[in-house]
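# Architecture and fold: a report
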Amino acid sequence: MHEPDSTRRTALKGLALLGAGTTGIGVAAAEDHRNGDGNHGDDPGDGQRSSPSGLFVATLEPREGVETDARGTALVQERQDGLKFVLQVSNLENAFMGHVHEDETLGPIAVWLYDFLTQDERLEEGRFSGILDAGTITDEAVAEGRVSEAESETVDDLLGKLEAGEAYVNVHTEAHPSGEIAGALVPFDPSDMMCRGDFDDGSESDDP
């Protein structure tokens, strides 16, 4: 059974990695966490606070008819250099693809979230929990990863899909090649998960 508190904690961790509304460490740290690269480069977090505006969240749950303990969260935020994303999963076995699909869960592929680097298939062998992938979606990534039927040809096009509620994340596994967990990307509402103590705003408090 998947507890709602667990989903909330996972989303909060993703927000911290994006540096969205927290003093988080940025997407570069998420990339380092996965790739073992200590070089943060142009870390968008760089220790600075970022507003959660332009932030979209997908709660990834089993697709209809799929029996699995896997769950996940995808977070996408608009930044000056593109769309930053973090894709986190738990108890997902043999994942080999993850995408943003347009219009519906199995609609045209707008961009690959896993494997983001290659915009192509890559098997994560065995059961995996953690950051499956993270990066910055650029016009180049969209051009490389989209299918010809997709309406999104640029980041701006994809952002339009996000704002219209027409973007879905679907993560595919060997057991469920059409998708094991999926969810719609919707605007982030802090009231859905924010309570006292959830976000570290850097201030001191006398509350116990």
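Summary of the structure given here. This structure is a prediction, so every number in the text was calculated from the model and none was measured. All residue numbers here refer to positions counted from 1 along the written sequence of the relevant chain. This being a predicted model, a pLDDT of at least 70 is required before a residue's local features are given, and a value of 80 or more before pairs of side-chain atoms are given or counted; all residues contribute to the totals for chains, interfaces and linings. Here the side-chain values reflect all heavy atoms present in the structure, with hydrogen atoms and water set aside.

### Quick look at the overall build of the chain
Heads up, the condition is: For the purposes of this entry, the term helix denotes a DSSP run of H or I that reaches at least four residues, the term strand denotes a run of E that reaches at least two, and both are numbered from the N terminus. Burial classes: relative accessible area under 20% of the type maximum marks a residue as buried, over 50% as exposed, and values in between as partly exposed (1.4 Å probe, protein chains only). The criterion used for residue contact is that any of the two residues' heavy atoms lie within 4.5 Å.
On a plain count of helices and strands, the chain comes out with 4 helices and 8 strands. Each helix and strand of the chain, ordered N terminal to C terminal, gives the series α-α-β-β-β-β-β-α-α-β-β-β. Per-residue burial over the chain gives 48% buried out of 208 residues. Counted over contacts in the chain with a minimum sequence separation of 6, partners at least 24 positions apart contribute 64%.

### Quick notes on the pairing of strand β6 (residues 167–173)
The condition is simple: Being paired, for any two strands, means DSSP has found at least two bridges between them.
Buried residues dominate β6, accounting for 6 of its 7 residues. Direction of pairing for strand β3 (residues 82–102) relative to β6: antiparallel, over a ladder of 7 bridges. Looking at the pairing, Val-100 lines up with Val-169 of β6.

### Section: the side chain of Lys-161
Rules: Counting of polar contacts relies on pairs of N or O atoms within 3.5 Å, with two restrictions inside protein: one atom must be capable of donating a hydrogen and the other of accepting it, and residues adjacent in sequence are counted only when both atoms are side-chain atoms.
Locating Lys-161 in the fold gives a position in helix α4 (residues 155–163). Given the relative accessible area of 6%, Lys-161 is considered buried. Within the structure, Lys-161 has its side chain in polar contact with the side chain of Asp-103 (distance 2.9 Å). Setting aside residues up to four positions removed in sequence, Lys-161 forms contacts with Glu-102, Asp-103, Glu-151, Ser-152, Glu-166 and Ala-167.

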